[in-house]
Structures are given as C-alpha cells and as structure tokens.
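# Structural overview
In case you want the letters, here they are:
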Amino acid sequence: MAQTTTWKIHDMVRDNSTGGVKTVYWECEVKDNDDTSCKAIEGGRLQLKPNSTTSDFVAYDDLTEATVLGWVYNSLIEDDETASEAKARIEANRQGKVTAQVARKTAEASGMPW
C-alpha cells in the first residue's frame, strides 16, 4: 500500500516593520494512494520571536517554503532527535494511522448475499 506525505505551510503572520515572521501555521498530511479517504493530518502553529539584528534573520521577502519548513521540523524535536528524525517520527505516526484506517476498511464489508 503506497502513501503520499505532504508538508504544507498554510499561512504566516509577520511584523510589517521588520519583516520578521511571528507565527507559522503548518500541516503534515498522509494519504493512501488507492483510497484517498484514508488520511491522517497533524498540524500546528509555530510561534517565533524574530530578531532582525541577528545574523540568521531571514526577511519575509527572502523566505522559501523549505526554510520555513525547516523551522517547523526544528520545533518538533524531542529529546536528542535531529530535525530529520523529528520529521520522520511525525510522518511515521501519521502513516501508521492511515495503514490502520485501510486495514479496518478492508477487513469488513457490507451488503447481502442475495
């Protein structure tokens, strides 16, 4: 059973005076490729405290989706995980939920034999 995983940024809130992003709304969605009604979504809101005087500051106009998703992955880190491991943990959790949904749907059928 193949699944598709998609990470998305839905919206961001920024400070107009500095161009710093203050809030990021994100989502990770996993769908079964054969039955797209089987899906699992995790999403959230990442609060940031941008400081335009630091060397790692990225102004709003210079942002890419990859950069912002990197912030999201870093925010998901637990214990001694890396950002990649945190991302993989979220994906595996959602994939497990989709697999369980498909299993439930294929284990039962409705109807009558006549």
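Everything quoted here is computed from the prediction, not taken from an experiment.

It is worth spelling out the nonpolar core at this point. Counting 15 residues, the largest nonpolar core has Trp-7, Val-24, Trp-26, Val-72 and Leu-76 as its most contacted members. If sequence neighbours within four positions are ignored, Trp-26 has contacts with Trp-7, Lys-8, Ile-9, His-10, Glu-42, Gly-43, Gly-44, Arg-45, Leu-46, Val-72 and Leu-76. Within the second largest apolar cluster, five residues are counted, among which are Val-30, Cys-38, Val-98 and Val-102.

Each full turn of the α-helix corresponds to 3.6 residues, which orients residues three or four apart in the same direction. Within the span of helix α1 (residues 65-75), buried status applies to Val-68, Leu-69, Val-72 and Tyr-73. Axial view of α1: buried residues confined to an arc of 145°, hence all on one face. Those residues of α1 that are buried are in contact with β1 (3-14), β2 (21-32), β3 (39-47) and α2 (83-107).

On to the packing of aromatic side chains, then. For the structure on display, the rule yields two aromatic pairs. Ring centres of Trp-7 and Trp-26 lie 5.7 Å apart, and the angle between their planes is 25°; this geometry places the pair in the stacked category. With Trp-7 in strand β1 and Trp-26 in strand β2, the pair connects residues that are 19 residues apart, well separated along the chain. For the pair Trp-7 and Trp-26, a shared accessibility class is recorded, and that class is buried. Look at Trp-7 and Tyr-73: their rings are 4.9 Å apart centre to centre, the planes differ by 85°, and that puts the pair in the edge-to-face class. In this pair, Trp-7 sits in strand β1 while Tyr-73 sits in helix α1, placing the two residues 66 residues apart along the sequence. Over the ring of Tyr-73 we find Lys-87, and its NZ or CZ is 5.5 Å from the ring centre.

Cut-offs applied
Residues numbered from 1 in each chain as written. Predicted model: local features only at pLDDT ≥ 70, side-chain atom pairs only at ≥ 80, totals over all residues. Heavy atoms only, no water. Core = buried A, V, L, I, M, F, W, Y, C linked by side-chain atoms within 4.5 Å. Buried < 20%, exposed > 50% of the residue type's maximum accessible area, 1.4 Å probe, protein only. Contact = heavy atoms within 4.5 Å. Helix = DSSP H or I, 4+ residues; strand = E, 2+ residues; numbered from the N terminus. Arc of directions from axis to C-beta. Phe/Tyr/Trp six-rings, centres within 6.5 Å; stacked < 30°, edge-to-face > 60°. Lys NZ or Arg CZ within 6 Å of the ring centre and 35° of its normal.

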